[in-house]
Amino acid sequence: MKPKLFVSVLALAGLAAFPSQARDRILIVGSSTVFPFSSAVAETFGAASGAKTPVVESTGTGGGIRMFCAGTGPSTPDITNASRPMKTEEREVCTANGVTPIEVIIGYDGIVLANSRSGPVFNLTREQLFLALSRIVPADGGMVENGYESWSDISADLPDEPIEVFGPPPTSGTRDAFVELVMDVGCASAAMAAGSSCSDLRQDGAYIEAGENDDLIVGKLEANPMTVGIFGYSFLDQNSTQIQGASIEGVEPSFINIASGAYPVSRPLYFYVKKEHLAQIPALEGYLREFTNEATWGDGGYLAQRGLIPLDAQTRTGIRSKLETHITGTN
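(A) Layout of the state of the cysteines. All chains considered together, the criterion is met by two disulfides. Here Cys69 pairs with Cys94 through a disulfide, and the sulfurs are 1.9 Å apart. In this structure the cystine formed by Cys69 and Cys94 twists about its S-S bond by roughly -70°; its chirality is therefore left-handed. Here the residue Cys69 occupies a position in the loop between α3 (61-68) and β3 (79-82), and Cys94 occupies one in helix α4 (residues 88-96), the gap between them amounting to 25 residues. Summarising the burial analysis for this pair, Cys69 and Cys94 share the class buried. Residue Cys187 pairs covalently with Cys198 via a disulfide, S to S 2.0 Å. Because the torsion about its S-S bond is -55°, the bridge between Cys187 and Cys198 counts as left-handed. With Cys187 in helix α7 (residues 173-189) and Cys198 in the loop between α7 and β9 (207-209), this pair connects stretches of sequence that are 11 residues apart. Assigned by exposure class, Cys187 and Cys198 land together as buried. Each disulfide in the protein chain links cysteines that, numbered along the sequence, combine into the pattern 1-2, 3-4.

(B) How the structure looks around the pattern of salt bridges. Tallied over the full model, the rule gives 16 salt bridges. Among the salt bridges present, the one from Asp204 reaches Arg202, with a minimum N-O distance of 2.9 Å. Using a relative accessible area of 6% as the deciding quantity, one classes Arg202 as buried. With its nearest N and O atoms 2.4 Å apart, the salt bridge here joins Arg289 to Glu324. A residue pair is termed long-range when its members are at least 10 positions apart, and Arg289 in helix α11 (residues 284-291) and Glu324 in helix α13 (residues 313-327) qualify at 35 residues. The exposure class assigned to Arg289 is partly exposed, which follows from its relative accessible area of 33%. On the basis of relative accessible area, Glu324 is assigned to the partly exposed category, the value being 27%. The network of salt bridges with common partners includes Arg84, Lys87, Glu90 and Asp176.

(C) Representation of the packing of aromatic side chains in the model. Under the counting rule described, the total for this entry stands at six aromatic pairs. Ring centres of Tyr287 and Phe291 lie 6.0 Å apart, and the angle between their planes is 75°; this geometry places the pair in the edge-to-face category. With Tyr287 and Phe291 both in helix α11 and four residues apart, this pair spans about one turn of that helix. Among the aromatic side chains, those forming a connected cluster through ring pairs are Phe45, Phe271, Tyr287 and Phe291. Positioned over the ring face of Phe68 is Lys274, at 4.8 Å from the centre of the ring.

(D) How the structure looks around the environment of Ile258. Along the chain, Ile258 falls in helix α10 (residues 255-260). What makes Ile258 buried here is its relative accessible area of 4%. Placed 52 residues apart in sequence, Ile258 and Pro310 show a C-alpha to C-alpha distance of 10 Å. In contact with Ile258, not counting residues within four places along its chain, are Asp109, Gly110, Tyr233, Tyr263, Ser266 and Ile309.

(E) Structural context of the pairing of β3. Here β3 shows two buried faces, one formed by Ile79 and Asn81 and the other by Thr80 and Ala82. By the bridge criterion, three bridges tie strand β1 (residues 27-30) to β3 in an arrangement that is parallel. Residue pairing in the sheet places Val29 in a bridge with Thr80 of β3. Where β3 lies against strand β13 (residues 266-274), four bridges are found, and the strand directions are antiparallel.

(F) Representation of empty space enclosed by the protein within the structure. If you walk through the whole model with that rule in mind, you get one cavity of 30 Å³ or more. Its volume calculated, the largest cavity comes out at about 30 Å³. For the largest cavity, the full set of lining residues is Ser32, Thr33, Pro168, Ser172, Thr174, Gly211, Glu212, Asp214, Ile230, Phe231 and Gly232. Among the elements that line the lining of the largest cavity, the one with the most residues is strand β10 (residues 228-232), at three residues. Of the residues that constitute the lining of the largest cavity, the class distribution is three nonpolar, six polar and two charged.

Definitions and limits used
Residues numbered from 1 in each chain as written. Predicted model: local features only at pLDDT ≥ 70, side-chain atom pairs only at ≥ 80, totals over all residues. Heavy atoms only, no water. Disulfide = S-S within 2.5 Å. Helix = DSSP H or I, 4+ residues; strand = E, 2+ residues; numbered from the N terminus. Buried < 20%, exposed > 50% of the residue type's maximum accessible area, 1.4 Å probe, protein only. Salt bridge = Lys/Arg side-chain N within 4 Å of Asp/Glu carboxyl O. Phe/Tyr/Trp six-rings, centres within 6.5 Å; stacked < 30°, edge-to-face > 60°. Lys NZ or Arg CZ within 6 Å of the ring centre and 35° of its normal. Contact = heavy atoms within 4.5 Å. Pairing = 2+ DSSP bridges. 1 Å grid on protein atoms, 1.4 Å probe; cavity = no way out; pocket = protein on both sides within 12 Å on 5 of 7 lines; lining within 4 Å. Points joined across faces, edges and corners; volume = space filled by probe spheres on them. Nonpolar A, V, L, I, M, F, W, Y, C, P; charged D, E, K, R; others polar.

In structure tokens, the structure reads:
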């Protein structure tokens, strides 16, 4: 989503400038992976508190952080969701614009590769995924443009089907995490030449950027059982009757395997709240307390039922306590 669209939403809301008239609706942007969790909390909070239900928009991690760090005031979001930690250069932009981000880790998620249940079952290694998706691959002692057309070209154990993978765009935190956890690891295994890039994905149609709407990827997989999609575990969990997850290094993407660390492609999820807005947006502290309520993000909470892998109890307590000091103004 482009920033100008976000501004138009704010204009429709009839927002006034701080501090003469504080906005009465929380504005949240960011990660498509965190979006369903944040939306669930927003709806629960709105129904239980009587406050206006927060506006949650899926803009991608990178796009959300840019909007969040643009400054303070009613034309900027209060919270940005993220499927990766904020980068140093992003924090520097926040600081330069008078924004103090408070980081909250909400739980864990696995990055999965999935396809239709009517399609082949995949069991992949990260080296195989690298060879399938990297723009440059090793061959005959040198480096060449990727010419693999089918999965079986990489290994006879894989399906004899064309390589066609729908995945996140460069603005996505899921894309960043996929590169770090899959492409970089697979690159090392594939013995790439020194100085070669491990993060450049194919642009010949084998890898297709599918935008920030993971629901659209699920729809494409149902329409073509031979295609594969990349997204967060929660989307697999919520659509498990239609799609199946690929095993990575012999480990299936499951709640238990991600929570235990056995599944190799997992990462923490975050949101960042703007400290300067805590005193300006009346409902913000209530939303934060709802999100960090044990009935929300704890073991057996309603976010776990939607696919979020909970943090351990001690970590949750520590995060909740730290956040409370910000809410009460003691930090």
